[in-house]
Structure formats: structure tokens, C-alpha cells
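# Residue-level structural notes
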Amino acid sequence: MTGGQIGNVDLVKQLNSAAVYRLIDLQGPISRIQVADVSHLAPASVTKITRQLLERGLIKEVAQQASTGGRRAISLTTESAAFHSIAIRLGRNYIEITLYDLSGKHIASAAHNFYYTTQQELTDGLLSHIRRFISGNQNVIKELVAFGITLPGLIDPEKGIVEYMPNIDVNNFPLADTIKDNFGVICFVGNDIRGLALAEHYFGSSKDSKDSILVSMHHGTGAGIIVNGQIFLGFNRNVGEIGHIQIDPLGDKCQCGNFGCLETVAADPAVVTHVQQLLDQGYPSSLQELDGITMLSICEAANNGDELASQALIKVGNQLGKALAMTINLFNPQKIVIAGNITQAKDVVFPAIRRCVETQSLSTFHKDLPIVASELYNQPTIGAFSMIKRAMLNGVLLQRLLED
Ligand SMILES: [Zn+2]
């Protein structure tokens, strides 16, 4: 997104349109009078904005029986089906692409292995995957309004520039502009875990909370912090690097250069390696019967009462809990969401996390604090879509559609 600064008048326009659209989207069917009441906008402004939204096809009128049984009142709801967006989850060696309508309904999707070692290979491969996806779905794609892309790494979300990726060297990679130049549509770029945290807030397990922390454990370990309904981003734009909290001063060297970071012990590869070492030493375990082990097979064994698998996962729970307790003390969230394969053994892991949280954070902060599993972890592109949804709700994308 390379809009730069926008003038005050335009900003007010954008915010007012967004306020109206948001109310209709989140509380519709809703009447114009109710919109004016709740938004504190003048009825004339509401009428003007809803006319623009109607003309653009973003909302529609529906007749609703008034509760008093009198004449039918006209209410408004959002219209999502005519607007499509492409959401992409870019992994270290795969790409997943989903076509969504603006309500978040899946229209089509594709998943491919995707190997790249340089920024150029990433760019070329990404563009060709998108072109193939678009031409393969030509008959179903309606008006394409935005792209969303999440990836592991550090991102400037304002400019859509990828500043760091854990698996390849990037040099201020202008991803949003690259997509816009090739496909003529605005593109939102974000960190994958922060995107998932936002998705859980809009559509998943933290929908009921304004403040939540999502911790995701996969190849690495990271967090997304939602404060007052927004992803918390610092001046330097990226926060939530919980994976680099030092857990063991004498631990293994981390890819970040420090020692004993959380993700050197509490990440899928670290857990698999640790369990494999114990198996090689001859520890009795049902896992000995398997050819190779994965995080999922360890979780399954733990669920079946395997002692080695359970102990290994409890250890991870303790480490995650220790890091979580620190973030709870800092942010006092209403809900903790855990994402990743490890949630398959949540009956084993979550009690360990809870014990640590209860002994290492303030009791007023952890009293009644739910620790729940992600509901959307198996929808890899939903994080990317949630950035598009946010751009509708905050007016950034909405205003563009109105001005088209
Ligand atoms: Zn580290």
C-alpha cells in the first residue's frame, strides 16, 4: 500500500464511510436511523454515505418486519458476494492461495510446494502461481478488489515491504507494489502469526475479546497481540517475537544469534529432535515402532498415554507458559489463544501452560483467563484475508472501492 499521507478532509470521509459500513456489516440488518444513532453521524451524512454504498453495490436494502408489527421498515445489510479477493499464505516451502468473497466465504483454493532460495525466485514463482490460479478460476472470479499475503518474517505493513525472512535474504522487498504493478489491485502484506491473531479476533476463538494474545508454535514460535481490537504494532512495526525470549541461558544457539531462545526448545523441529534423541538412546515408547516421528505423531502418542511423548510435551508447555506469563504481566489480556500442531495434545499441554501462568504472572491478571486452542489454524489463508477485511472495516479499501 503506497498511499502515503492523505489529507484531513479525505481522512474524515474515509472514517465516516467506514463507521457506517462497519455498523451495517457487524450489526446489520440495521436501519439508517439506528446507524445515525450509534455512529453519532448526522442523518444527512448517513443518507449520503449509504447512497454511495448502495450505488457501488456494497450494501443492499432489505425489508424487515418491525417488531411492533406495523409497517415494514427498510434495513441495510452488506453485500459481499460480488467482490472477490485473493488471500495467500506464503510458507518456507509452500504456497496456499484462496479466493474469498468479502464475507470470508471460500470460492476456490490451491496449494503447491514452492521452493525458492532468493528474492528473485520468490518473486517469479509467486507471480506465476498467482497467474495460474487466476486463469484456472477465470470463470468464477468476480470483481477482484484486493490481495492479502502473509508470510513468516518482518514486514512494514504500511508500505507492504518485506524487511526480513527467516529462510532467504531479502533486500527491502516491495511485495505489495510488485503485486499491484502486475495485477492492478491493492495488496496488503503482513506477518503470518500477526495475521492469524487478527483472524481469530474477527472470525475465531478470540471474537469475544478486545485484548488477546495468540502464540503460535510451528517451525518457529511467535505471537500476535491484539489490543483494543487492533493488532499491536510498535513504532518499528513488528512486535510479538516471543520466540526470542531467553528461556535457557545455557541453551542452544538460535538462528537470531543468541542462546537458549524459546524457539530453540518450543518449536516443532526442536521437539521432534529432542524426542528422536531420547528414542535413539533407547527410551521405551510407543514411538519406537514408527519409522520417523513428527509433531503430530508425538501428540497422538501423548494423547494415548505414552510417557515419553507426554513428558516431552509437558516440558514444552512449561517453556511456553514461562514466556506467556511474561507477556500476560505486560498486556493483561482477556484471552490466550494457542496455535499449532501442539494443540492436538491440548489436554496434555494446556494444563502445563496454565500451571506456569498461575505461578509466574499476577493473580488478578490470570484469574479467569481462558487459554484456548486456535479455531482457524487449519485455514492457512484466513490471516491474509483478515487484513483485507480490516481494510474494509477501517475504510482504507472501502474508500478505494467508493472512488473507483
Ligand atoms: Zn532467538
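Presented here is an overview of the structure given in this document. Being a predicted model, the structure only gives us computed values, none of them experimental. (Residues numbered from 1 in each chain as written. Predicted model: local features only at pLDDT ≥ 70, side-chain atom pairs only at ≥ 80, totals over all residues. Heavy atoms only, no water.)

## Observations concerning the coordination of the zinc ion
Any two of four tetrahedral donors ideally make an angle of 109.5 degrees at the metal, while pairs among six octahedral donors ideally make 90 or 180 degrees. Note the following rule: Sites may look incomplete, because water is not among the atoms used; the donor set itself consists of N, O and S atoms within 2.8 Å of the metal (3.2 Å for Na, K and Ca). Exposure classes here rest on a 1.4 Å probe applied to the protein chains alone. A residue is buried below 20% of its type maximum, exposed above 50%, and partly exposed in between.
Summarising the metal site, the zinc ion is bound by the protein donors His244 (ND1), Cys254 (SG), Cys256 (SG) and Cys261 (SG), whose distances to it range over 2.0 to 2.3 Å. Within one chain, the residues serving as donors to the zinc ion are arranged as H-x9-C-x1-C-x4-C. In this pair, the class of Cys254 matches that of Cys261, namely buried.

## Re the sheet that holds strand β9 (residues 173-174)
For clarity, the threshold we go by: Any two strands are treated as partners once DSSP identifies two or more bridges connecting them. Strands are runs of DSSP state E lasting at least two residues, helices are runs of H or I lasting at least four, and both sets are numbered from the N terminus onward.
Strand order across the open sheet formed by three strands is β7-β8-β9, with antiparallel pairing between neighbours. Edge strands, defined here as strands with exactly one partner in the open sheet, are β7 (154-156) and β9. The sheet contact formed by β7 and strand β8 (residues 161-164) spans three bridges and is antiparallel. Within β8, the position partnered with Ile155 by the bridge is Val162.

## Thoughts on the environment of Ala266
We apply this condition: Any two residues having at least one pair of non-hydrogen atoms within 4.5 Å are treated as being in contact.
For Ala266, the position within the fold is in the loop between β13 (230-231) and α7 (268-280). When its relative accessible area of 0% is taken as the criterion, Ala266 is described as buried. Remark: the alpha-carbon pair of Ala266 and Ala44, spanning 222 residues in sequence, is separated by 56 Å. With near-sequence residues (within four places) excluded, Ala266 lies in contact with Met217, Thr221, Val316, Gln319 and Leu320.

## Some points on the packing of helix α8 (residues 295-303) against helix α9 (residues 307-331)
The test is simple: Each axis is a line fitted through C-alpha atoms, taken for helices only over the stretch in contact, and angles between the N-to-C directions span 0 to 180 degrees. Orientation labels follow simple angle bins: below 35 degrees gives roughly parallel, above 145 gives roughly antiparallel, 65 to 115 gives roughly perpendicular, and whatever is left gives oblique. Two helices cross in a left-handed way if the nearer one is turned anticlockwise from the farther one by less than a right angle. They cross in a right-handed way if the turn is clockwise. Gly falls in the polar group here, along with every residue not listed as nonpolar (Ala, Val, Leu, Ile, Met, Phe, Trp, Tyr, Cys, Pro) or charged (Asp, Glu, Lys, Arg).
The N-to-C vectors of α8 and α9 enclose an angle of 110°; their axes lie 7 Å apart at closest approach. Here α8 is positioned roughly perpendicular relative to α9, judged by the angle of their axes. Crossing angle aside, the handedness with which α8 passes α9 is left-handed. On the side of α8, the interface is formed by Met295, Ile298, Cys299, Ala301 and Ala302, while α9 contributes Ala309, Ser310 and Leu313. Within the contact of α8 with α9, the residues separate by chemical class into seven nonpolar, one polar and no charged.

## What to know about the packing of helix α12 (residues 382-393) against helix α13 (residues 396-403)
Two elements in contact, α12 and α13, have axes separated by 4 Å at closest approach and are oriented at 65°. In terms of axis orientation, α12 runs roughly perpendicular to α13. Facing Ile388, Ala391 and Met392 of α12, the residues of α13 in contact are Val396, Leu397, Leu398 and Leu401. Residues that form the contact of α12 with α13 fall into these classes: seven nonpolar, no polar and no charged.

## Regarding unusual backbone geometry
Of note, the amide linkage connecting Gly28 to Pro29 takes the cis form, showing an omega dihedral of 0°. Mapping Pro29 onto the fold places it in the loop between α1 (8-27) and α2 (32-39). One non-glycine residue, Asn172, lies in positive phi territory at about 40°. Within the secondary structure, Asn172 is located in the loop between β8 and β9. At Asp368, a residue that is not glycine, the phi angle is positive and equals roughly 60°.

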